[in-house]
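A structural walkthrough
Single-letter residue listing:
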Amino acid sequence: MQIKEIQEEIIDEFSMFDDWMQRYEYMIELGKSLPLIEDAYKTDDNIIKGCQSKVWVHAELQDDKLVFTADSDAIITKGIIAILIRAFSNQKPKDIIEADTDFIDKIGLKEHLSPTRANGLVSMIKQLKLYAVAYQTQIK
């Protein structure tokens, strides 16, 4: 599936819930299904700067597509990175670089986070895109 299709699917899923408590619970559930980063990659180099919680992200290129794994020490943050990884993992770096992230606004995520978590969300998106830029240069 293309990034836009995955984002639309996420928007549809979040629209099924009536209130934000249900959405938070869903995010926590998504966090439990996160493709977990190997302990060997839980290093300072892989910590996302600008997050209140610790969030580790690792990326590797497989068949010209970026595959992300991650983990966090906070359940909400784990859910947030799970949503982003679902949208951007197994995609070509060029597509990740060019993808917009307005689906975050459409599900209302940013406005329902504390300012520090919202900053962390921006940092997570920025880091995933930086990985895409770095790996794009390796594709011939």
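Values in this document were obtained by computation on a predicted structure and should not be read as measured data. (Residues numbered from 1 in each chain as written. Predicted model: local features only at pLDDT ≥ 70, side-chain atom pairs only at ≥ 80, totals over all residues. Heavy atoms only, no water.)

Concerning the nonpolar core
Counting residues in hydrophobic clusters, the biggest one holds 42 residues, and the most contacted among them are Val57, Phe68, Ile81, Leu84, Phe88 and Leu109. Counting residues per element, the ones that place at least two in this core are helix H1 (3-15), helix H2 (20-32), strand S1 (55-62), strand S2 (65-72), helix H3 (75-88), helix H5 (102-106) and helix H6 (115-136). The element that contributes the greatest number of residues to this core is H3, accounting for nine residues. Other than its neighbours up to four places away in sequence, isoleucine 81 contacts Leu34, Ile48, Val55, Val57, Ala70 and Met124. (Core = buried A, V, L, I, M, F, W, Y, C linked by side-chain atoms within 4.5 Å. Buried < 20%, exposed > 50% of the residue type's maximum accessible area, 1.4 Å probe, protein only. Helix = DSSP H or I, 4+ residues; strand = E, 2+ residues; numbered from the N terminus. Contact = heavy atoms within 4.5 Å.)

Structural notes on the packing of H1 against H3
Across the interface, H1 lies against H3 with an axial gap of 8 Å and an inter-helix angle of 145°. Across from Ile3, Ile6, Gln7, Glu9, Ile10, Glu13 and Phe14 in H1, the residues of H3 making contact are Ile83, Arg86, Ala87 and Phe88. Per-class residue counts for the contact of H1 with H3 are seven nonpolar, one polar and three charged. (Axes fitted to C-alpha atoms, helices over the stretch in contact; angles between N-to-C directions. Nonpolar A, V, L, I, M, F, W, Y, C, P; charged D, E, K, R; others polar.)

Section: the side chain of serine 72
Topologically, serine 72 is positioned in strand S2. A polar contact of 2.9 Å, which involves the side chain of serine 72, links it to the backbone oxygen of lysine 54. Within the structure, serine 72 has its side chain in polar contact with the backbone nitrogen of alanine 74 (distance 3.2 Å). Setting aside residues no more than four positions away along its own chain, serine 72 makes contact with Ser53, Lys54, Val55, Trp56, Thr77 and Lys78. (Polar contact = N/O pair within 3.5 Å; in protein donor to acceptor, adjacent residues only side chain to side chain.)

Concerning the packing of aromatic side chains
Under the defined criterion, the tally for this structure stands at five aromatic pairs. Ring plane angle 40° and centroid distance 6.5 Å describe the contact between phenylalanine 14 and tryptophan 20, whose orientation is recorded as tilted. Pair check on accessibility: phenylalanine 14 and tryptophan 20 agree, each one buried. Chaining the aromatic ring pairs together yields one cluster made of Phe14, Phe17, Trp20, Tyr24 and Tyr26. Over the aromatic face of tryptophan 56 sits the side chain of lysine 42, whose NZ or CZ is 4.9 Å from the ring centroid. (Phe/Tyr/Trp six-rings, centres within 6.5 Å; stacked < 30°, edge-to-face > 60°. Lys NZ or Arg CZ within 6 Å of the ring centre and 35° of its normal.)

Structural notes on H1
In a regular helix each residue adds 1.5 Å, so 13 residues correspond to 18 Å; H1 covers 18 Å between its end C-alpha atoms and thus fits that length. Within H1, burial applies to Ile3, Ile6, Gln7, Ile10, Ile11, Glu13 and Phe14. Buried residues in H1, looked at end-on, bunch into an arc of 165°, giving them a common side. Those residues of H1 that are buried are in contact with H2, H3, helix H4 (93-98) and H5. (Expected span 1.5 Å × (residues − 1). Arc of directions from axis to C-beta.)

Brief notes about the UniProt feature "domain: Fe-S metabolism associated" (unreviewed entry) in the protein chain
The UniProt record marks residues 12-129 with the feature "domain: Fe-S metabolism associated" (unreviewed entry), using the residue numbering of this structure. Strand forms 14% of residues 12-129 and helix 48%; the C-alpha atoms that close the span are 24 Å apart. (UniProt positions renumbered as here; feature names shortened; annotations may be inferred.)

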